[in-house]
Amino acid sequence: MIQALAITELALRRGGRHLFDGLNLTLAAGEVCAVTGPNGAGKTSLLRAVAGLLAPEAGTIGFGAADPAAARASGLHFLGHQDGLKPARTAAEELTFWTRWDGASPGALETAVADLELSRLLALEVRRLSAGQRRRLSLARLAAAPRALWLLDEPLSPLDARWRARFGEMMARHLAGGGLILAAVHDPLPIPARELEIPA
Amino acid sequence: MSRALVLLRREAALAWGRGGGPLIAVGFYAGVATLMPLAIGPEPERLAAIALGAAWVALALASLLCLDRLFERDYEDGALEGLVLSETPLELVCAIKCLGQWLATGAPLAVAAPVAAIALGADPALAPLIFLCALVGGLAFAFTGGIGAALSLGARRGGLLTAVIVLPLFVPPVIFGGGALDAFAGGLPWQSGLALLGAYAAAAVALGPVAMAGACRNALT
């Protein structure tokens, strides 16, 4: 439902600290943008502002023809540093909850579990999983519930080389289906992407 | 609707496991109720006189204990962001969290309340009314307590702050519930106390989630 992302003259401030101003970015269906910049430049804050979790100081964030509130409620996935998975619950319980919360069908969940090779992990408590395995659990949410705009904060960092490549294929499929991706990264994405650098 | 049910199941399961869940709450309740005779003296007449009030205050304190980290855990691990970014209004999410809290700890405490009161010397004939008052009061405790838990998000020593915010909100249910029980024990009309308790609980259920949602949004942004 989100056909485009348009950020105009955005200024952000976090915790009283000025991050950046005059940021412009437009993203059409099928496009991916890699946001780069030094630590603390405001990459995560930019993603949070797009998700509506941080109010901009100035500027606008639009989602094409879609209503911003509706777009944020059902049109985007926000994959942050914190994955929201409870350590004491099993991977199956957490994945089932979050995918149903995202509106995914049980069939889509099964497909995502197979795609991300999670079936052997499902019975384990989340605390027993490695960082990369937890990340794959989060990626299964992206795969199970189709939403147009993916906001990814350092999506690659805990993944090994093989899963980085697999995630690259996942992103390519998402873009081919008309999706949009805005990712904050330090390492280059495994697919060709436009770059937006936020200066320090 | 199914989404709300899925969340309710998760919240009840989390509250069941949170900090020991109902077992700790009931254990704490039993502990406070046991402290009373140690401080006041073991004479049955003196104990019977304070049994209802002591059981009711202990219930409020035990409910307070369970509130710890109602929102904080979701805030710290990022789950709150996931819950906000959905078609379900945040107000409903907050209400469901409190409802799960009530099911997992308020209901077991309501079962324990008559036992504690009778152990302190209250008339066993009061047991059904104590249970009913504790059940309705527990709903008020959960929904007013949620406001404190949401407001103290991100604060250092948030649990203590929650207690300071919430205790004044616990005053009316303690007065109404304790009053209804006292009136019943004294053979006076007790229905008005229970009705007021119910009205307070209903107001808390209606208004609390709005305040909680506002506090959660404020904490996130």
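About the cut-offs
- Residues numbered from 1 in each chain as written.
- Chains lettered and ligands numbered in written order.
- Predicted model: local features only at pLDDT ≥ 70, side-chain atom pairs only at ≥ 80, totals over all residues.
- Heavy atoms only, no water.
- Contact = heavy atoms within 4.5 Å.
- Buried area = accessible area lost by both parts, 1.4 Å probe.
- Salt bridge = Lys/Arg side-chain N within 4 Å of Asp/Glu carboxyl O.
- Polar contact = N/O pair within 3.5 Å; in protein donor to acceptor, adjacent residues only side chain to side chain.
- Helix = DSSP H or I, 4+ residues; strand = E, 2+ residues; numbered from the N terminus.
- Nonpolar A, V, L, I, M, F, W, Y, C, P; charged D, E, K, R; others polar.
- Domains from an automatic or database assignment.
- Expected span 1.5 Å × (residues − 1).
- Buried < 20%, exposed > 50% of the residue type's maximum accessible area, 1.4 Å probe, protein only.
- Arc of directions from axis to C-beta.
- Axes fitted to C-alpha atoms, helices over the stretch in contact; angles between N-to-C directions.
- Parallel < 35°, antiparallel > 145°, perpendicular 65-115°, else oblique.
- Left-handed = near helix turned anticlockwise from the far one by under 90°.

**A few points about the interface of chain B and chain A**
With 24 residues of chain B in contact, the opposing surface of chain A contributes 24 residues. Summed over both partners, the interface of chain B with chain A comes to about 2,100 Å²; 60% of that surface belongs to carbon and sulfur atoms. For chain B, the biggest contributors to the area lost against chain A are R3, R10 and L85 of chain B; these three give 32% of the whole. Where chain B touches chain A, the interface holds 4 salt bridges. If you look at where chain B meets chain A, you find 9 residue pairs in polar contact (both at pLDDT 80 or more). The set of elements that each furnish at least two residues to the side of chain B that touches chain A consists of α1 (2–17), α4 (72–77) and α5 (79–84) of chain B. If one sorts the elements of the side of chain B that touches chain A by residue count, α1 of chain B sits on top with 7 residues. Taken together, the residues of the side of chain B that touches chain A break down into 10 nonpolar, 6 polar and 8 charged.

**Topic: the domain arrangement of chain A**
Residue and element names in this part refer to chain A. Segmenting chain A into domains produces domain 1 (1–75 + 148–200) and domain 2 (85–146). Averaged C-alpha coordinates put domain 1 and domain 2 at centres separated by 23 Å. Taken together, the contact between domain 1 and domain 2 spans 15 residues of the former and 11 residues of the latter. Interface area for domain 1 against domain 2, summed over the two sides, is near 1,000 Å², with a carbon-plus-sulfur share of 65%. On the domain 1 side of the interface with domain 2, the three residues burying the most area are P158, W163 and M170, jointly 47% of the side's total.

**Remarks on helix α6 (residues 161–176) of chain A**
Note: α-helices contain 3.6 residues per turn, so residues at a spacing of three or four share the same orientation. Residues and elements named next belong to chain A. Under the 1.5 Å per step criterion, the end-to-end length of α6 is 23 Å for 16 residues, consistent within 8% with the ideal 22 Å. Among all positions of α6, only W163, F167, G168, M170, M171, H174 and L175 are buried. Taken down its axis, α6 places every buried residue within 165 degrees of arc, on the same side. Among the exposed residues of α6, those pointing more than 90 degrees away from its buried face are A161, R173 and A176. Structurally, α6 contributes buried residues whose contacts are with β3 (32–36), α4 (106–115), α5 (131–144), β6 (149–153) and β7 (180–184). The first or second residue beyond α6 is G178, which carries a positive phi of 90 degrees.

**Things to note about the packing of helix α3 (residues 91–101) of chain A against α5 of chain A**
Residue and element names in this part refer to chain A. Two elements in contact, α3 and α5, have axes separated by 10 Å at closest approach and are oriented at 30 degrees. Accordingly, the angle class assigned to the pair α3 and α5 is roughly parallel. In terms of crossing hand, the pair formed by α3 and α5 is right-handed. Note on element contacts: α5 touches α3 through L137, A140, R141 and A144, opposite A91, L95, W98 and T99. Residue composition of the contact of α3 with α5, grouped by class: 6 nonpolar, 1 polar and 1 charged.

**Structural notes on the pattern of salt bridges**
Inspection of the entire model under this criterion finds 18 salt bridges over all chains. A salt bridge links D74 of chain B to K86 of chain A; its shortest N-O distance comes to 2.5 Å. Linking D74 of chain B in helix α4 with K86 of chain A in the loop between β5 (76–79) and α3, this pair reaches from one chain into another. For the pair D74 of chain B and K86 of chain A, a shared accessibility class is recorded, and that class is buried. R164 of chain A serves as the salt-bridge partner of D187 of chain A, at 3.4 Å between the closest nitrogen and oxygen. Of the two residues, D187 of chain A sits in the loop between β7 and β8 (194–197) while R164 of chain A sits in helix α6, which places them 23 residues apart along the sequence. Residue R164 of chain A is classed as partly exposed on the basis of its relative accessible area, which comes to 23%. Taken together, the salt bridges that share partners define one network made up of K86 of chain A together with E11, D74, D77 and K97 of chain B.

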